[in-house]
Amino acid sequence: MSQASQDLRRQIFDELTKVVDPEINVSIMELELVDNIDITGSEVKIDIHLTSPFCPAIFGFKIAQDVHDNLLKIDGINDVKVNVSNHFMAEAINNQVNTSKNPKKP
């Protein structure tokens, strides 16, 4: 793996560490909610699950949106697709987050 790829991966992990479950205020990385990260050029696809299949949908939306928006802050990442699985509202969360406008880069 090239140094640039390693740096990008580190930045992704750093940003994901900042995303917290709003119900319990613990990082999604500490909770081990990230299942897979696929980086292809400037695109990132990330698979996550939530703490429970029936956790409040508002918290699921918040976590997924924070993942999406935080990763787009990183230089070199232009598109993020979040895939929430094993949740009763997974399809709605994925559709909402993945069709939302990308935040402006600083």
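The structure we're discussing is the one just above.
Quantities reported herein were computed from a predicted structural model and do not represent experimental measurements. (Residues numbered from 1 in each chain as written. Predicted model: local features only at pLDDT ≥ 70, side-chain atom pairs only at ≥ 80, totals over all residues. Heavy atoms only, no water.)

Novice: Just give me the short version of the overall build of the protein chain, but keep the residues and values in it.
Specialist: Assigned secondary structure in the protein chain consists of three helices and five strands. Taken from N to C terminus, the helices and strands of the protein chain fall in the order α-β-β-β-β-α-β-α. Whereas a compact globule of 106 residues would reach a radius of gyration of roughly 13 Å, the protein chain reaches 13 Å, a difference of no more than 12%. Projected onto its principal axes, the C-alpha coordinates of the protein chain cover approximately 40 × 25 × 25 Å. Relative to its 106 residues, the protein chain shows a buried fraction of 35%. In the protein chain, of all internal contacts separated by at least 6 residues, the share reaching a separation of at least 24 is 61%. Of the accessible surface of the protein chain, which amounts to about 6100 Å², a share of 50% is contributed by carbon and sulfur atoms. (Helix = DSSP H or I, 4+ residues; strand = E, 2+ residues; numbered from the N terminus. Rg over C-alpha atoms; globule rule 2.2 N^0.38 Å. Buried < 20%, exposed > 50% of the residue type's maximum accessible area, 1.4 Å probe, protein only. Contact = heavy atoms within 4.5 Å. Areas by Shrake-Rupley, 256 points an atom, 1.4 Å probe, with all protein chains shown as cover.)

Novice: Lay out the sheet that holds strand 3 (residues 34-40) in plain terms, naming residues and giving numbers.
Specialist: The strand order across the open sheet formed by three strands is 3-4-5, and the pairing between neighbours is mixed. Pairing within the sheet leaves two strands with one partner each, and these edge strands are strand 3 and strand 5 (79-85). Taken pair by pair, the neighbouring strands of this sheet meet at an average axis angle of 10°, ignoring direction. Pairing of strand 4 (residues 43-49) with strand 5, which is carried by seven bridges, proceeds in the parallel orientation. Its bridge partner being in strand 5, His-49 is matched across the sheet by Ser-85. Contacts between helix 1 (residues 3-18) and the sheet are confined to strand 3 and strand 4, with strand 3 contributing the most and set at about 140° to the helix. Sheet contacts for helix 2 (residues 57-72): strand 4 and strand 5; angle to strand 5, the most-contacted strand, approximately 155°. (Pairing = 2+ DSSP bridges. Axes fitted to C-alpha atoms, helices over the stretch in contact; angles between N-to-C directions.)

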